[in-house]
Amino acid sequence: ETAGAPVKDAPALAATAARTNRRALAAVAGIVVAGFVFYAAVAQLVESPRVHPDESIYGEGAWSLAEGDGISIRGEEYPYGPLYPALLAPVLAAAGDRETGYALLKAMNALLFALAAVPVYLLARRLLSFRWSLAVAAGSLLVPSSMFVGLVMTEALAYLAAAWALLAIMLALERPTAARQIAVLVGAVVAYTARPQLGALYGTYLLGLALVASALALEKVPQLLEVVRVHRVEAREDHRLHFLEAG
């Protein structure tokens with residue numbers, strides 16, 4: 001009966017896990033929606049671009065793409081990562097005029113920023129309880145850099161891309177399967193297209209692999225020392241027996 005108990009409990013455990021997943025989905029979705037609504041409203045208080053020339057460059061690149069001219073700045077080469085204007089272009093194409101488009105750009109920033117709560121929750125869940133993970137996810141939307149949602153700049157997208165990349169790195173370090181390593185590479189490339197400096201995340205992953213390998217190697221050191229000791233004892237014993245036989 002004891003051996004059969006876990007099998008009998010399996011449906012109950014599965015049902016409990018499903019309820020927990022639904023609760024987590026609803027809670028994280030609530031955090032994202034609340035963050036989006038709040039920051040979208042706050043962002044509209046910024047009436048015009050304030051960081052020059054960066055905001056003009058990002059905005060013009062997105063408008064150029066939305067108008068079918070590719071990502072360029074008045075015919076000149078666009079100097080930054082292409083992901084941000086590529087995400088903004090459909091929004092601007094739907095807006096029609098620049099005033100509406102500017103308001104929608106800031107709302108889009110708020111959405112990108114709020115979505116970072118999803119990978120942050122998943123990261124926290126690897127180590128913390130359900131409630132603490134929700135607290136971390138909510139806290140991730142209260143960082144001082146949230147002020148950038150009102151600016152047409154890549155910070156909100158970079159925050160989201162970096163969070164997903166870090167989640168992929170953690171999963172790959174836990175169990176470096178081929179799929180997880182590919183996910184790290186994809187995450188690093190996407191982060192790089194959002195903000196080139198984030199390409200360094202792949203170097204972080206390689207460093208993490210080296211540290212994990214070193215830790216595993218150190219765990220085996222006592223075992224190796226024990227093997228050496230045993231071999232030395234056996235060698236001395238063989239030498240003693242050979243000496244006695246010779247005598």
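Rules of the game
- Residues numbered from 1 in each chain as written.
- Predicted model: local features only at pLDDT ≥ 70, side-chain atom pairs only at ≥ 80, totals over all residues.
- Heavy atoms only, no water.
- Buried < 20%, exposed > 50% of the residue type's maximum accessible area, 1.4 Å probe, protein only.
- Helix = DSSP H or I, 4+ residues; strand = E, 2+ residues; numbered from the N terminus.
- Arc of directions from axis to C-beta.
- Polar contact = N/O pair within 3.5 Å; in protein donor to acceptor, adjacent residues only side chain to side chain.
- Patch = residues over 30% accessible without salt bridge, like charges linked within 9 Å, V, L, I, M, F, W, Y side chains within 5 Å.
- Areas by Shrake-Rupley, 256 points an atom, 1.4 Å probe, with all protein chains shown as cover.
- Salt bridge = Lys/Arg side-chain N within 4 Å of Asp/Glu carboxyl O.

(A) The arrangement of helix α6 (residues 130-139) in detail. Inspection of α6 places Phe130, Ser133, Leu134 and Ala137 among the buried residues, and these make up the whole buried set. Projected down its long axis, α6 shows its buried positions confined to an angular sector of 100°, all on one face. Opposite its buried face, α6 presents the exposed residues Arg131 and Trp132, each directed more than 90 degrees away.

(B) Local environment of the side chain of Ser72. Position of Ser72 among the secondary structure elements: in strand β1 (residues 72-73). Owing to a relative accessible area of 14%, Ser72 belongs among the buried residues under this scheme. Within the local environment of Ser72, its side chain forms a polar contact with the side chain of Ser64, the two groups lying 3.1 Å apart.

(C) Fine view of a nonpolar patch on the surface. Together, Leu127, Leu128, Trp132 and Val136 make up an exposed nonpolar region whose accessible area comes to about 440 Å². Relative to the assigned elements, Leu128 resides in the loop between α5 (117-125) and α6.

(D) Broad picture of the pattern of salt bridges. One pass over the structure, following the stated rule, counts 4 salt bridges. Where Arg98 meets Glu67, a salt bridge forms, and the shortest distance between an N and an O atom there is 3.9 Å. On the criterion of sequence distance, the pair formed by Arg98 in helix α4 (residues 98-115) and Glu67 in the loop between α2 (54-66) and β1 is long-range, its members being 31 residues apart. You can call Arg98 partly exposed: its relative accessible area is 41%. The class of Glu67 is partly exposed, set by a relative accessible area of 48%. Two residues, Glu174 and Arg126, come together in a salt bridge whose shortest N-O distance is 2.4 Å. In this pair, Glu174 is assigned in helix α7 (residues 155-174) and Arg126 in the loop between α5 and α6, connecting sequence segments 48 residues apart. Since its relative accessible area comes to 43%, Glu174 is described here as partly exposed. By relative accessible area, Arg126 is classed as partly exposed at 40%. A single network of salt bridges, built from pairs that share partners, joins Glu60, Glu67 and Arg98.

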